[in-house]
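Chain by chain, the residues:
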Amino acid sequence: GELASPEGATQQEWRRFHRGAAVDPRSKEARHFLKQLAQSGAKVDGLELDEAFADLRRVRVAAGEIVMTAGSPSGFVYIPTAPGLRVQPTGGYPAVELSPWVPVGTTGVIRRAERNGDVTAELELELLVIPGDRYVRTWFRPYAAAELVSMLERLHGP
């Protein structure tokens with residue numbers, strides 16, 4: 001498949017991406033990923049699987065590994081599959097643990113802006129890594145207002 005080209009991504013991020021393992025879009029593993037993402041609020045219904053998984057890589061990061069640094073270009077989106085990532089935002093905000101299955105780095109990729117915080121793996125864990133261009137073209141699927149209302153009604157009643 002075509003490899004999305006995140007302009008200006010750091011060499012460290014490119015090396016991490018290239019050491020990752022591809023995920024077969026028809027595999028049990030891919031179905032598990034999609035189920036977890038849906039449970040975390042991602043809109044995955046109707047996703048074109050071959051496109052979505054064409055450039056996605058599964059990568060293990062070590063405890064202490066710096067995933068992204070504030071001020072660096074936004075080239076990739078990361079999805080932690082377990083607890084263990086921590087962000088230290090710029091601007092004096094407190095550090096925060098990041099939730100599993102919630103994409104990290106989306107704002108910078110969508111806006112083509114520099115990273116606005118340092119993200120570090122506090123524990124060894126696995127990340128899904130998606131080039132920014134692929135994420136925007138395939139994975140970024142915001143909910144319409146009516147869809148959000150419908151979801152909330154199902155969760156909490158009318």
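In this report, the structure presented in the accompanying data block is examined. (Residues numbered from 1 in each chain as written. Predicted model: local features only at pLDDT ≥ 70, side-chain atom pairs only at ≥ 80, totals over all residues. Heavy atoms only, no water.)

Details of the environment of E97
Along the polypeptide, E97 turns up in strand β6 (residues 96–97). Taking the C-alpha atoms as reference, E97 lies 11 Å from L123; in sequence the two are 26 residues apart. The residues contacting E97, other than those within four sequence positions of it, are L85, R86 and E122. In terms of polar contacts, E97 uses its side chain to reach the side chain of R86, at 2.4 Å. (Helix = DSSP H or I, 4+ residues; strand = E, 2+ residues; numbered from the N terminus. Contact = heavy atoms within 4.5 Å. Polar contact = N/O pair within 3.5 Å; in protein donor to acceptor, adjacent residues only side chain to side chain.)

What to know about helix α2 (residues 28–39)
For α2, spanning 12 residues, the distance from its first C-alpha to its last is 17 Å, which sits close to the expected 16 Å at 1.5 Å a residue. Restricting attention to buried positions, one finds in α2 the residues A30, F33, L34, Q36 and L37. Along the axis of α2, the buried positions cluster into a sector of 165°, meaning they face one direction only. In this structure, α2 carries K28, R31, K35 and Q39 as exposed residues pointing more than 90 degrees from its buried face. Those residues of α2 that are buried are in contact with α3 (49–54), β2 (57–61), β4 (76–80), β8 (125–131) and α5 (132–139). Where α2 terminates, the next one or two residues include G41, which has phi positive at roughly 105°. (Expected span 1.5 Å × (residues − 1). Buried < 20%, exposed > 50% of the residue type's maximum accessible area, 1.4 Å probe, protein only. Arc of directions from axis to C-beta.)

Regarding the sheet that holds β8
Strand pairing within a sheet occurs via backbone hydrogen bonds; the two strands may be parallel or antiparallel. The strand order across the open sheet formed by 4 strands is β1-β2-β8-β4, and the pairing between neighbours is antiparallel. Two strands in the sheet have a free side with no partner beyond their single neighbour: β1 (21–22) and β4. Sheet strands in contact with α5 are β4 and β8, and its direction is about 80° off that of β8. (Pairing = 2+ DSSP bridges. Axes fitted to C-alpha atoms, helices over the stretch in contact; angles between N-to-C directions.)

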